[in-house]
Amino acid sequence: MTLFKQMSHVSITVTDVEKARGFYTGVLEFKEIPRPAFDFPGLWYSLGGDLQLHIILNDQLVRPAVERETIVARYPHFALWTDDCDATAARIGALGLPSRDVISGPTGLRQVFVKDPDGNMVEFIGPSKKAGERRMEPARG
(Lines give C-alpha, C1' and ligand atoms only; values in the text may rest on other atoms or scores of the structure.)
Protein backbone atom coordinates (compact mmCIF):
# COMPACT_ATOMS: atom_id res chain seq x y z
CA MET A 1 0.00 0.00 0.00
CA THR A 2 1.36 3.43 -0.92
CA LEU A 3 0.92 6.47 1.27
CA PHE A 4 -1.20 8.31 -1.30
CA LYS A 5 -3.27 7.83 -4.42
CA GLN A 6 -2.81 11.17 -6.19
CA MET A 7 -2.04 14.81 -5.54
CA SER A 8 -5.12 16.61 -4.21
CA HIS A 9 -4.21 20.28 -4.06
CA VAL A 10 -1.50 22.91 -3.87
CA SER A 11 -1.91 25.60 -1.23
CA ILE A 12 -0.39 29.08 -1.33
CA THR A 13 -0.75 32.12 0.90
CA VAL A 14 -1.55 35.66 -0.20
CA THR A 15 -1.85 39.01 1.55
CA ASP A 16 -4.89 40.17 -0.46
CA VAL A 17 -7.55 37.70 -1.64
CA GLU A 18 -9.11 40.13 -4.14
CA LYS A 19 -5.75 40.86 -5.78
CA ALA A 20 -5.19 37.10 -5.99
CA ARG A 21 -8.65 36.67 -7.56
CA GLY A 22 -7.79 39.38 -10.08
CA PHE A 23 -4.64 37.49 -11.05
CA TYR A 24 -5.83 33.88 -11.03
CA THR A 25 -9.40 34.46 -12.28
CA GLY A 26 -8.98 37.63 -14.29
CA VAL A 27 -5.51 37.25 -15.82
CA LEU A 28 -4.79 33.51 -15.91
CA GLU A 29 -8.50 32.59 -16.28
CA PHE A 30 -8.40 29.75 -13.74
CA LYS A 31 -11.83 28.31 -12.88
CA GLU A 32 -12.91 29.29 -9.35
CA ILE A 33 -14.83 26.56 -7.51
CA PRO A 34 -16.91 26.55 -4.30
CA ARG A 35 -14.95 26.54 -1.05
CA PRO A 36 -16.07 25.32 2.39
CA ALA A 37 -17.03 28.06 4.88
CA PHE A 38 -13.71 28.17 6.73
CA ASP A 39 -13.17 30.86 9.38
CA PHE A 40 -10.50 32.54 7.23
CA PRO A 41 -10.69 34.05 3.72
CA GLY A 42 -9.45 32.24 0.64
CA LEU A 43 -10.22 30.91 -2.82
CA TRP A 44 -10.25 27.51 -4.48
CA TYR A 45 -9.57 26.77 -8.15
CA SER A 46 -9.88 23.66 -10.27
CA LEU A 47 -6.63 22.88 -12.09
CA GLY A 48 -8.11 20.00 -14.07
CA GLY A 49 -9.11 16.52 -12.96
CA ASP A 50 -9.14 16.37 -9.18
CA LEU A 51 -6.21 18.77 -8.72
CA GLN A 52 -7.01 22.07 -7.01
CA LEU A 53 -5.24 25.30 -6.07
CA HIS A 54 -6.13 26.59 -2.59
CA ILE A 55 -5.39 30.23 -1.85
CA ILE A 56 -5.33 31.23 1.81
CA LEU A 57 -5.18 34.71 3.29
CA ASN A 58 -2.11 35.33 5.47
CA ASP A 59 -1.77 39.10 5.62
CA GLN A 60 1.08 38.77 8.13
CA LEU A 61 3.38 37.14 5.59
CA VAL A 62 4.87 39.71 3.23
CA ARG A 63 7.83 38.56 1.17
CA PRO A 64 10.72 40.95 0.55
CA ALA A 65 10.41 42.84 -2.76
CA VAL A 66 13.34 40.96 -4.30
CA GLU A 67 11.58 37.63 -3.66
CA ARG A 68 8.21 38.94 -4.93
CA GLU A 69 9.72 40.30 -8.13
CA THR A 70 12.62 38.00 -9.03
CA ILE A 71 11.85 34.91 -11.09
CA VAL A 72 14.29 32.08 -10.36
CA ALA A 73 13.40 28.49 -11.28
CA ARG A 74 14.76 27.22 -7.95
CA TYR A 75 12.25 29.30 -5.94
CA PRO A 76 9.21 27.41 -4.64
CA HIS A 77 6.51 27.11 -7.29
CA PHE A 78 3.89 24.83 -8.74
CA ALA A 79 3.86 23.75 -12.37
CA LEU A 80 0.99 23.23 -14.78
CA TRP A 81 1.35 21.11 -17.91
CA THR A 82 0.42 22.68 -21.24
CA ASP A 83 0.29 20.73 -24.50
CA ASP A 84 1.64 23.72 -26.47
CA CYS A 85 4.04 25.80 -24.44
CA ASP A 86 4.84 28.00 -27.45
CA ALA A 87 1.19 29.14 -27.56
CA THR A 88 1.11 29.53 -23.77
CA ALA A 89 4.28 31.65 -23.85
CA ALA A 90 2.74 33.85 -26.56
CA ARG A 91 -0.41 34.31 -24.46
CA ILE A 92 1.57 35.17 -21.31
CA GLY A 93 3.59 37.65 -23.38
CA ALA A 94 0.42 39.22 -24.80
CA LEU A 95 -0.89 39.71 -21.26
CA GLY A 96 2.21 41.77 -20.51
CA LEU A 97 3.06 39.76 -17.41
CA PRO A 98 6.64 39.80 -16.17
CA SER A 99 7.85 36.29 -16.91
CA ARG A 100 10.88 34.09 -17.37
CA ASP A 101 10.81 31.97 -20.50
CA VAL A 102 13.27 29.05 -20.57
CA ILE A 103 13.95 26.30 -23.04
CA SER A 104 15.32 23.63 -20.74
CA GLY A 105 18.15 21.52 -22.06
CA PRO A 106 17.79 18.77 -19.45
CA THR A 107 13.99 18.45 -19.67
CA GLY A 108 13.65 19.10 -23.38
CA LEU A 109 10.65 21.25 -22.47
CA ARG A 110 9.78 24.94 -22.46
CA GLN A 111 9.08 26.56 -19.11
CA VAL A 112 7.31 29.90 -18.64
CA PHE A 113 7.33 31.28 -15.09
CA VAL A 114 5.07 34.09 -13.80
CA LYS A 115 4.37 35.46 -10.32
CA ASP A 116 1.17 36.57 -8.65
CA PRO A 117 1.01 39.92 -6.78
CA ASP A 118 2.41 38.26 -3.62
CA GLY A 119 5.33 36.60 -5.40
CA ASN A 120 3.90 33.08 -5.60
CA MET A 121 5.41 31.53 -8.71
CA VAL A 122 3.47 29.55 -11.32
CA GLU A 123 5.25 27.57 -14.01
CA PHE A 124 3.66 26.55 -17.31
CA ILE A 125 5.61 23.66 -18.80
CA GLY A 126 5.26 21.68 -21.98
CA PRO A 127 6.59 20.79 -25.40
CA SER A 128 8.02 23.41 -27.73
CA LYS A 129 9.16 23.38 -31.31
CA LYS A 130 12.33 25.10 -30.01
CA ALA A 131 13.21 22.50 -27.36
CA GLY A 132 15.63 19.60 -27.64
CA GLU A 133 15.46 16.00 -26.52
CA ARG A 134 14.61 15.21 -22.90
CA ARG A 135 17.42 13.83 -20.71
CA MET A 136 16.72 12.15 -17.39
CA GLU A 137 18.96 11.26 -14.46
CA PRO A 138 18.60 7.75 -13.04
CA ALA A 139 16.48 7.55 -9.88
CA ARG A 140 18.44 7.11 -6.66
CA GLY A 141 17.30 5.29 -3.68
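Refer to the structure printed above.
Model, not experiment: these values are computed from the prediction.

1. Considering the overall build of the protein chain
Within the protein chain one finds three helices and eight strands. In the protein chain, the succession of helices and strands from N to C terminus is β-α-β-β-β-α-β-α-β-β-β. Taking all 141 residues of the protein chain together, the buried fraction comes to 35%. Within the protein chain, counting contacts between residues at least 6 apart in sequence, those at least 24 apart form 60% of the total. Counting only carbon and sulfur atoms, one obtains 55% of the accessible surface of the protein chain, whose full area is about 9,100 Å². With 17 positive and 18 negative side-chain charges, the protein chain shows a separation of 5 Å between the mean positions of the two kinds.

2. Things to note about the sheet that holds strand E6 (residues 99–103)
Backbone-to-backbone hydrogen bonds pair the strands of a sheet. The strands run either parallel or antiparallel. Reading across the sheet, the four strands line up as E5-E8-E7-E6 and stay open at both edges, with mixed pairing between neighbours. At either margin of the open sheet sits one strand with a lone partner, and together these are strand E5 (77–81) and E6. Geometrically, the sheet is characterised by an average inter-axis angle of 20° between neighbouring strands, direction not taken into account. Taken together, the five bridges between E5 and strand E8 (residues 121–126) define a ladder with parallel strand orientation. Bridge assignment links Trp81 to a residue of E8, and that residue is Ile125. Running over the sheet, helix H3 (residues 85–95) touches E6, strand E7 (110–115) and E8 and is turned about 30° from E7.

3. As for the side chain of Ser128
When you line up the elements, Ser128 lands in the segment after E8. At 2.6 Å, the side chain of Ser128 and the side chain of Asp86 are in polar contact. Residues in contact with Ser128, not counting those within four places in the same chain, are Asp86, Ile103 and Arg110.

4. Details of the packing of aromatic side chains
Evaluated as defined, the whole model comprises six aromatic pairs. Taken together, a centroid distance of 6.1 Å and an interplanar angle of 75° make the contact between Phe30 and Tyr45 edge-to-face. Taken together, the residues span a long stretch of sequence, with Phe30 in the loop between helix H1 (17–27) and strand E2 (31–33) and Tyr45 in strand E3 (residues 42–46) at a distance of 15 residues. Residues Phe30 and Tyr45 agree in their burial class; the two are buried. Ring geometry for Phe38 against Phe40: centres 5.2 Å apart, planes inclined by 15°, an arrangement best described as stacked. For Phe40, a relative accessible area of 33% translates into the label partly exposed.

Reading the values: rules and limits
- Residues numbered from 1 in each chain as written.
- Predicted model: local features only at pLDDT ≥ 70, side-chain atom pairs only at ≥ 80, totals over all residues.
- Heavy atoms only, no water.
- Helix = DSSP H or I, 4+ residues; strand = E, 2+ residues; numbered from the N terminus.
- Buried < 20%, exposed > 50% of the residue type's maximum accessible area, 1.4 Å probe, protein only.
- Contact = heavy atoms within 4.5 Å.
- Areas by Shrake-Rupley, 256 points an atom, 1.4 Å probe, with all protein chains shown as cover.
- Lys, Arg positive; Asp, Glu negative; His and termini not counted.
- Charge placed at Lys NZ, Arg CZ, Asp CG, Glu CD.
- Pairing = 2+ DSSP bridges.
- Axes fitted to C-alpha atoms, helices over the stretch in contact; angles between N-to-C directions.
- Polar contact = N/O pair within 3.5 Å; in protein donor to acceptor, adjacent residues only side chain to side chain.
- Phe/Tyr/Trp six-rings, centres within 6.5 Å; stacked < 30°, edge-to-face > 60°.

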